[in-house]
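# Overview (structure and organization)
Residues per chain, in single letters:
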Amino acid sequence: MRTSDYIEQAWTNLWKKKLRTFLTTGGVVIGIGALVCMFAFGQGVQRNIRDQFDEMDLLNYINVSPRHGRQPEPAEFDPDAPETYSDAVPAGEPNKPVTVLDDKFIDGLMQMEGVEAAFPEMRFPAQVGLGKEDRFTFIQVVTAKACRSGLIQLRAGQPYASDDPNEMMISDSLLRRLGNTKPETAVGQKVEIRTIILDFSLASLMRMAFARGDQRLPISDQRYTFTIVGVIERMGFGGPMPIRSDACIPPGAAGRMRKLVLTGVSDLFQPAEQMAGYSTVTVRVASPSQVATVEAKLEERGLRTFALMDQLEEMQKGFIIVDMFLLAVGMIGVTVASLGIVNTMVMSILERYREIGVMKAVGATDGDVQRIFLFESGMIGLLGGAFGLALAWVVSFVINQVVNGFTAREGVPFIQYFSFPWWLCLGGIGFSVLVSLIAGIYPTRRAAHVDPVVALRHD
Amino acid sequence: MDGDGFIQVQDLTKVYSLGSVEVVALRNATLSVDRGQFVGVTGTSGSGKSTLMNLLGGLDTPSSGSIRVDGRRISDLSKAELALFRRHTVGMIFQSFNLVASYSALENVAFPLLFAGVAKKERARRAAELLNLVDLGARLNHRPTELSGGEQQRVAIARALANQPQILLADEPTGNLDSKTSEQIVRLLANLRAERRLTIVMISHEEALLREFADRMVYLQDGAVVSQEVVRDGP
């Protein structure tokens, strides 16, 4: 028999039983649709994260910080002992002097091959007030040069021109929390920044001494007025991104402010030498391929490095686990659909029992008979896969519209939560055909082994 | 017996197992059919006529004994080889016609050509030609339910001839037909035998009708060939 004849036979026979074909194929459509939808969602999440990384150039950055002195190692292995830190200096190695991350160090970094730029990271806690609203945040000190390097996308205004003025850039999310939803109107407005300082004045000490029940610290605040010059479109999310605060001010202005530079309690445990410099310096390399080389050079100098590139492999493992989970959930529908195919094929073979006898009487081999029914089974899978893909696309479109409809009210830009790469589309259809063929193996083998003598007598 | 022994059946036995009981459907049957002969096989119900037909057509395999067709021992063929034998060497017609109800007359006749790998257009052309041969040229697109019993059997005959077989096996082809139609059908078979130099083995209860057209009669009883009679010199 010719392949075209198998296809035509399969189509003709399925068309004769329209309702049954529709119901069986409907099961496959739902099963494959759910599976593809789940996978498309997983792919969408991965694509969005990758796109965000690409958009922010996150893979080009290395965070550099000094090592925290030396960790003692246990004399013998003790399973109950706490784990040693991965950044501990190996036992037996003499204590090296801690590298101070100061401006001289940054100048040296800039000379290193592959390094495009290096930015110190300096952040301090503050209360930012606009009109009657105020919010707590961390303010980051960013040079004017860094602001102009194209790393920051502005929704309104422009970066400050020099490192000196009392000017600031504010994120649109902080601005919204401060009650302003129109970034363009914020430019030029005055903002009050309130820092905290240690206050050992007599008045402060008296307040602390007479505080009842309250464990007051010798702390008071300082207020500074800044002008908003730019509104930053989107902030980083905690990766090795140079800008990861909701407010940025130039170093000259920061230098004039009295403030407590603490980002957490852990800062209090920093060695005294290290307190002299920046806690972290962010290095931008020309391309992600140079990250490993630059990291190795920095680690040779006793520095600790962190790059998101290193985390990619771990993230990809995580993505695979997510994909596997989604696959397992989606397979429930496909399994149910495949049972539907088995049922349909068994019914079809019982109904056409005598016809199978005729096929054999006129010269069909067992293989011919099996292939005729396998093509029918495969065609159910093909139709189910194609329409399942269409269903998945429609469902994802509706979900995208509904979710984005809600999030748009919060000012979140439109996000495609689903991704349909070509391999998922082809794979979805291919998988559907494969599952249908597997489901068809048992019934079609039964058909192939029908005894023609019995079948021709069958009513 | 003189002749070319185109079909040679030797000590053919078929035993069916029904649970623990063994039923001997055919017992040491021996007969010979010459090329182009019309042989009528008759006997009472349960005499083994249909079993003999199924074995000759390669639909079933014997428990012992042998069948040779044109010198080839078909009783030893594999399942796939038997399928090719049925496809190219024999055509079969049955009492209940065994047409595919959902197919038109044309599609039914073209059905065997599908398995022979004949192209669609050629299948249609040959099927139409065969339906013309059996005087059904005007009923090509009619389904079996729209045809009379005699017409359905003529479609079945056309289908049996599709792959130009050398042997036509007819298992009670007149069993569901009235006497007039029965005679027309057997006459058609006899004419086709002459036109196409077919070898025909036909089973029927209607001995008189068989004797009218057959060259030789074979009588079966309780699974055994009890007698053979030359009715006329042929072919």
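First things first, this report covers the structure right here in the doc. Please read all numbers here as calculations on a predicted model, not as lab measurements.

## What to know about the overall build of chain A
- When helices and strands are counted, chain A shows 15 helices and eleven strands.
- Counting over 459 residues, chain A shows a buried share of 42%.
- Within chain A, contacts between residues separated by at least 24 positions form 80% of all contacts whose residues are at least 6 apart in sequence.
- By element, 60% of the accessible surface of chain A is carried by carbon and sulfur atoms, the whole surface being about 24100 Å².

## Section: the packing of aromatic side chains
Residue and element names in this part refer to chain A.
- With the rule as written, the count across this model stands at seven aromatic pairs over all chains.
- For the pair Phe136 and Phe138, a centre-to-centre distance of 5.6 Å together with 75 degrees between the ring planes defines the contact as edge-to-face.
- On the basis of relative accessibility, which here comes to 49%, the residue Phe136 falls in the partly exposed class.
- Note on Trp393 and Phe397: the rings are 5.5 Å apart at their centroids and 15 degrees apart in plane angle, and the pair reads as stacked. Placement of the pair is Trp393 and Phe397 together in helix H13 (residues 366-408), with a separation of four residues, close to one helical turn.
- Looking at Phe397, the relative accessible area reads 40%, which means it is partly exposed.

## A short note on the pattern of salt bridges
- Per the counting criterion, the structure on display carries 30 salt bridges over all chains.
- Linking Arg87(B) and Asp368(A) is a salt bridge whose minimum nitrogen-to-oxygen distance equals 3.1 Å. Pair noted here: Arg87(B) is in helix H2 (residues 79-88) and Asp368(A) is in helix H13, and the two residues belong to different chains.
- The exposure class of Asp368(A) is buried, given its relative accessible area of 4%.
- Through salt bridges with shared partners, one network takes in Glu192(A), Arg194(A), Asp221(A) and Arg223(A).

## What about the packing of helix H5 (residues 149-160) of chain B against helix H6 (residues 179-196) of chain B?
Residue and element names in this part refer to chain B.
- One can describe the packing of H5 onto H6 by two numbers: an axis separation of 10 Å at closest approach and a directional angle of 20 degrees. Classified by the interaxial angle, the pair formed by H5 and H6 is roughly parallel. As H5 runs across H6, the sense of the crossing is right-handed. Counting all contacts with H5, which are made through Gly150, Gln153, Arg154 and Ile157, the residues of H6 involved are Thr181, Ile185, Leu188, Leu189 and Leu192.

## Topic: the interface of chain A and chain B
- Between chain A and chain B, the contact holds 26 residues from the first and 25 residues from the second.
- Each partner contributes to the roughly 2200 Å² buried at the junction of chain A and chain B, and carbon and sulfur atoms together form 55% of this total.
- Remark: the boundary between chain A and chain B carries four salt bridges.
- One can count eleven residue pairs in polar contact (both at pLDDT 80 or more) joining chain A with chain B.

## A short note on the sheet that holds strand E2 (residues 21-33) of chain B
Residues and elements named next belong to chain B.
- Read from one edge of the open sheet, four strands run E2-E1-E4-E5, paired in antiparallel fashion. One side of each edge strand has no neighbouring strand; the edge strands of this open sheet are E2 and strand E5 (72-73).
- Taken together, the five bridges between strand E1 (residues 7-18) and strand E4 (residues 64-69) define a ladder with antiparallel strand orientation. Bridge pairing links Thr13 to Ser64 in E4.
- Along the sheet, helix H1 (residues 49-56) contacts E1, E2 and E4; its crossing angle with E1, the most-contacted strand, is approximately 115 degrees.

Reading the values: the criteria
Residues numbered from 1 in each chain as written. Chains lettered and ligands numbered in written order. Predicted model: local features only at pLDDT ≥ 70, side-chain atom pairs only at ≥ 80, totals over all residues. Heavy atoms only, no water. Helix = DSSP H or I, 4+ residues; strand = E, 2+ residues; numbered from the N terminus. Buried < 20%, exposed > 50% of the residue type's maximum accessible area, 1.4 Å probe, protein only. Contact = heavy atoms within 4.5 Å. Areas by Shrake-Rupley, 256 points an atom, 1.4 Å probe, with all protein chains shown as cover. Phe/Tyr/Trp six-rings, centres within 6.5 Å; stacked < 30°, edge-to-face > 60°. Salt bridge = Lys/Arg side-chain N within 4 Å of Asp/Glu carboxyl O. Axes fitted to C-alpha atoms, helices over the stretch in contact; angles between N-to-C directions. Parallel < 35°, antiparallel > 145°, perpendicular 65-115°, else oblique. Left-handed = near helix turned anticlockwise from the far one by under 90°. Buried area = accessible area lost by both parts, 1.4 Å probe. Polar contact = N/O pair within 3.5 Å; in protein donor to acceptor, adjacent residues only side chain to side chain. Pairing = 2+ DSSP bridges.

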